[in-house]
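# Coordinates in review
So you can see what is in the structure, the chains are spelled out below.
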Amino acid sequence: LYRIQQISLRSRSLFSELTFPLFRPLLSAADTDSRYVFLGVALLNQPVALGIAEIDQEDKTQGDVLSICVAMQYRRNGLGTRLLKLMEETMADRGVHLGRFTYMSGLPQTPAVEAMLRRSGWLEPRYRMMICDVEFDGISKAPWMQCRSLPPEFATFPWSDLTNAERQDILDRQAKQHWYPEELTPFRNEHLIEPAMSLGLRYRDEAVGWCIAHRLSMETVRYASLFVRRDLQAMGRAVQLLAKSIYLCVGTPIYKGRFDVAMDNPAMLRFVKTRMAPYLASIRYVLRSHKRLQALQELETRSA
Ligand SMILES: CC(C)(COP(=O)(O)OP(=O)(O)OC[C@H]1O[C@@H](n2cnc3c(N)ncnc32)[C@H](O)[C@@H]1OP(=O)(O)O)[C@@H](O)C(=O)NCCC(=O)NCCS
């Protein structure tokens with residue numbers, strides 16, 4: 001009854017409700033673009049499910065299932081599992097040996113995703129990142145939010161006041177000493193920076209840290225980067241910077257925030273769990289599962 005097939009550009013827009021807004025722009029990829037796999041499921045010509053995968057361009061033996069979605073009324077019939085299997089086979093046919101599936105804990109669909117992955121032989125997922133949602137009014141009552149004064153050698157400043165010379169100095173020191181992890185650069189997606197909440201930190205007149213907030217919507221920001229130079233980190237300066245930034249928004253239309261913590265940042269993970277957790281709206285995790293795909297398994301069986 002169901003027709004499952006690769007869908008060409010011409011008919012992809014009919015399936016656009018069957019993926020997240022984040023991935024909708026991908027539906028206009030050219031048919032010749034071999035990076036993507038689009039598998040659509042139709043019942044009597046009506047779209048009922050869609051799977052999207054992307055082949056890693058740096059290592060074409062790896063690929064991500066980006067999205068798999070079954071229309072509500074067709075769920076729990078084995079369709080998601082069947083579509084995932086076909087996605088795996090299509091990726092394997094294109095030379096992908098290792099499939100990846102990234103998802104978020106704590107969402108209504110998480111149990112279904114996890115059951116589908118387990119049933120389909122994907123490995124136990126690994127934690128990749130902690131995602132925290134916060135309402136500023138609530139968190140501003142936390143005890144650690146109250147200590148925002150800094151010793152005299154330190155000064156915070158609106159990030160928009162960063163001078164060109166300071167910007168160049170930050171980049172020069174990065175090129176020479178790699179003094180911050182590149183993913184915490186303050187200079188990514190600068191057009192999203194919310195000036196009212198983004199702060200820099202100077203220590204003896206040198207820019208040594210930042211708390212950069214990106215505007216997600218009228219009421220929400222995402223803390224894209226919170227960083228303080230390593231030798232000054234243990235003094236809690238990063239938390240003070242965050243506290244100052246949050247205070248700037250209390251009582252304004254921006255009342256919600258989101259930030260993430262990498263799993264290789266044990267100090268911040270500990271701080272979130274012990275001191276912030278009671279004041280957060282939610283803590284969720286980004287998880288990733290892997291699977292060796294058919295083509296490789298066949299190779300292994302043949303060579304065994
Ligand atoms: C995830 C999704 C694709 C599963 O599709 P589906 O067609 O319902 O999946 P299946 O019928 O093949 O079921 C797969 C497994 O999930 C289980 N399952 C499905 N819905 C479930 C739910 N709401 N709660 C718990 N388990 C659920 C099934 O019981 C089955 O496990 P089992 O074999 O151990 O019984 C579907 O729920 C969906 O489209 N969700 C919204 C989009 C989404 O979040 N996609 C994932 C991120 S990209």
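Whatever comes next refers back to the structure up there.
All of these numbers come straight from a predicted model, not from anything done at the bench.

## Describing helix α3 (residues 110-119)
Within α3, burial applies to T110, V113, M116 and L117. One face of α3 carries all of its buried residues, which in axial projection span an arc of 130 degrees. The exposed set on the far side of α3, more than 90 degrees from its buried face, consists of P111, R118 and R119. Buried residues along α3 sit against β4 (62-70), α2 (79-93), β5 (98-104) and β12 (282-292).

## Considerations on the site of the ligand
The local shell around the ligand holds 20 residues, among which V70, R76, G78, T81 and R119 are the closest. Between the ligand and R76 there is a distance of 2.8 Å, counted from an oxygen atom to a backbone nitrogen or oxygen. Between an oxygen atom of the ligand and a side-chain N or O atom of R119, the distance comes to 2.4 Å. Coverage of the ligand by the protein amounts to 78% of the 920 Å² it exposes when considered alone. For the shell around the ligand, the elements supplying multiple residues, two or more each, are β4, α2 and α3. Sorting elements by how many residues they give to the shell around the ligand places α3 first, with six residues.

## Thoughts on the pairing of strand β8 (residues 199-203)
Within β8, four of the five residues are buried, which leaves the element mostly enclosed by the surrounding structure. One ladder, built from five bridges, connects strand β7 (residues 154-158) with β8; its direction is antiparallel. From the neighbouring strand, A155 faces β8, where its bridge partner is R202. Alignment of β8 against strand β9 (residues 206-215), held across five bridges, turns out to be antiparallel.

## A look at the side chain of S289
The residue S289 is located in strand β12 in this model. Here L123 takes part through its backbone oxygen, which lies 2.5 Å from a polar atom of the side chain of S289. Contacts of S289, omitting those with residues within four sequence positions, involve G99, R100, F101, L117, W122, L123 and P125.

## Describing the environment of P278
Tracing the sequence through the fold places P278 in the loop between α8 (266-276) and β12. Exposure remark for P278: the relative accessible area of 61% places this residue in the exposed category. A C-alpha to C-alpha distance of 22 Å links P278 and A224, two positions 54 residues apart in sequence.

Procedures and definitions
- In every chain, residue numbers begin from 1 and rise along the written sequence.
- Where totals are concerned, whole chains, interfaces and linings use all residues; where local detail is concerned, this predicted model gives features only for residues with pLDDT of at least 70, and gives and counts side-chain atom pairs only at 80 or more.
- To get the side-chain values, take all heavy atoms of the structure and skip hydrogens and water.
- Exposure is judged per residue with a 1.4 Å probe applied to protein chains only, and the accessible area is read against the type maximum: over 50% gives exposed, under 20% gives buried, and values in between give partly exposed.
- Numbering of helices and strands runs from the N terminus, with a helix taken as a DSSP run of H or I at least four residues long and a strand as a DSSP run of E at least two residues long.
- Here the arc refers to the set of directions running from the helix axis out to each C-beta atom.
- Note on definitions: a residue-residue contact is assigned when non-hydrogen atoms from the two residues lie within 4.5 Å.
- In this text, near means that some heavy atom of the residue lies within 4 Å of the molecule or strand in question.
- Each polar contact in these results corresponds to two N or O atoms within 3.5 Å; when the atoms are within protein, one needs to be able to donate a hydrogen and the other to accept it, and residues that are neighboring in sequence are counted only if both atoms are side-chain atoms.
- Computed with a 1.4 Å probe, the accessible areas rest on the Shrake-Rupley method; for each residue, only the protein chains presented here act as cover.
- Two strands pair if DSSP finds at least two bridges between them.

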